[in-house]
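# Understanding the architecture of this molecule
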Amino acid sequence: MIITTTSNIEGARIVEYLDLISVNVVIGTNFFSDWMASVTDIFGGKSSTYQRKLDDVYEAAFKKIEKRAEKLGADAVVGLKMDFGEVSGKEKSMFMVSAIGTAVKLSK
C-alpha cells in the first residue's frame, strides 16, 4: 500500500477516488512518564519516554489508515495529513493523533 502526503503518485495514474478516510488515536501516559518528563523539563534534555509514546501513537494511526484503505479496496492513500494534540484533565495526560487522507485506485 502506497501512503503519501502528496496529491499524486509519480509513475501511477489515479483512476478512482474511493473515499476520504480518517482516524483518531489516543494513547495515555502514566504517572511515571509524567514524572520523568517533569524532571527532564527542569534539567533540560530529551524525554525519551514521551518520544516513545509519540512514536507509538503515530505508528498506530498510520496502520489504522492503511487498514481502512484496504477495506475499501484501495491501492493507495494520497494527501495524508497527520495532526498531533494533547488531551489533558483531572491530572491525566494523553497524546492524540488525527490522520486523514483519500483512498484511491491506481491504474494497473
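In the block above lies the structure referred to throughout.
Remember, it's a predicted structure, so these values are computed and weren't measured experimentally.

## Observations regarding the overall build of the protein
- The number of helices and strands found in the protein is 2 helices and 4 strands.
- For the protein, the succession of helices and strands along the chain, N to C, is β-β-α-α-β-β.
- Counting across all 108 residues of the protein, residues that qualify as buried make up 31%.
- The contacts in the protein between residues at least 6 apart in sequence include a share of 75% that link residues at least 24 apart.

## So, the nonpolar core
- Ranked by size, the top nonpolar core spans 14 residues in total, and within it Ile21, Ala61, Ile65, Ala69, Val77 and Ala99 carry the most contacts.
- Where this core is concerned, the elements lending two or more residues are β2 (14–28), α2 (48–71), β3 (76–89) and β4 (92–106).
- In terms of residue count, α2 provides more of this core than any other element does, 4 residues in total.
- Within the second largest apolar cluster, 6 residues are counted, among which are Ile14, Ala76, Val78 and Val104.

## A closer look at a positive patch on the surface
- Together, Lys63, Lys64, Lys67, Arg68 and Lys71 give the surface a local cluster of positive charge.
- Overall, the relative accessible area of 58% leaves Lys67 in the exposed class.

## Here we look at the side chain of Thr4
- Along the chain, Thr4 falls in the loop between β1 (2–3) and β2.
- Within the structure, Thr4 has its side chain in polar contact with the side chain of Thr6 (distance 2.9 Å).
- The residues contacting Thr4, other than those within four sequence positions of it, are Ile9, Val77, Val78, Gly79 and Leu80.

## Examining the environment of Ser98
- Structurally, Ser98 is set in strand β4.
- A C-alpha to C-alpha distance of 8.8 Å links Ser98 and Tyr58, two positions 40 residues apart in sequence.
- When residues no more than four places from it in sequence are discounted, the contact partners of Ser98 are Val23, Asn24, Lys81, Met82 and Asp83.
- Here Asn24 takes part through its side chain, which lies 2.5 Å from a polar atom of the side chain of Ser98.

Analysis parameters
- Residues numbered from 1 in each chain as written.
- Predicted model: local features only at pLDDT ≥ 70, side-chain atom pairs only at ≥ 80, totals over all residues.
- Heavy atoms only, no water.
- Helix = DSSP H or I, 4+ residues; strand = E, 2+ residues; numbered from the N terminus.
- Buried < 20%, exposed > 50% of the residue type's maximum accessible area, 1.4 Å probe, protein only.
- Contact = heavy atoms within 4.5 Å.
- Core = buried A, V, L, I, M, F, W, Y, C linked by side-chain atoms within 4.5 Å.
- Patch = residues over 30% accessible without salt bridge, like charges linked within 9 Å, V, L, I, M, F, W, Y side chains within 5 Å.
- Areas by Shrake-Rupley, 256 points an atom, 1.4 Å probe, with all protein chains shown as cover.
- Salt bridge = Lys/Arg side-chain N within 4 Å of Asp/Glu carboxyl O.
- Lys, Arg positive; Asp, Glu negative; His and termini not counted.
- Charge placed at Lys NZ, Arg CZ, Asp CG, Glu CD.
- Polar contact = N/O pair within 3.5 Å; in protein donor to acceptor, adjacent residues only side chain to side chain.

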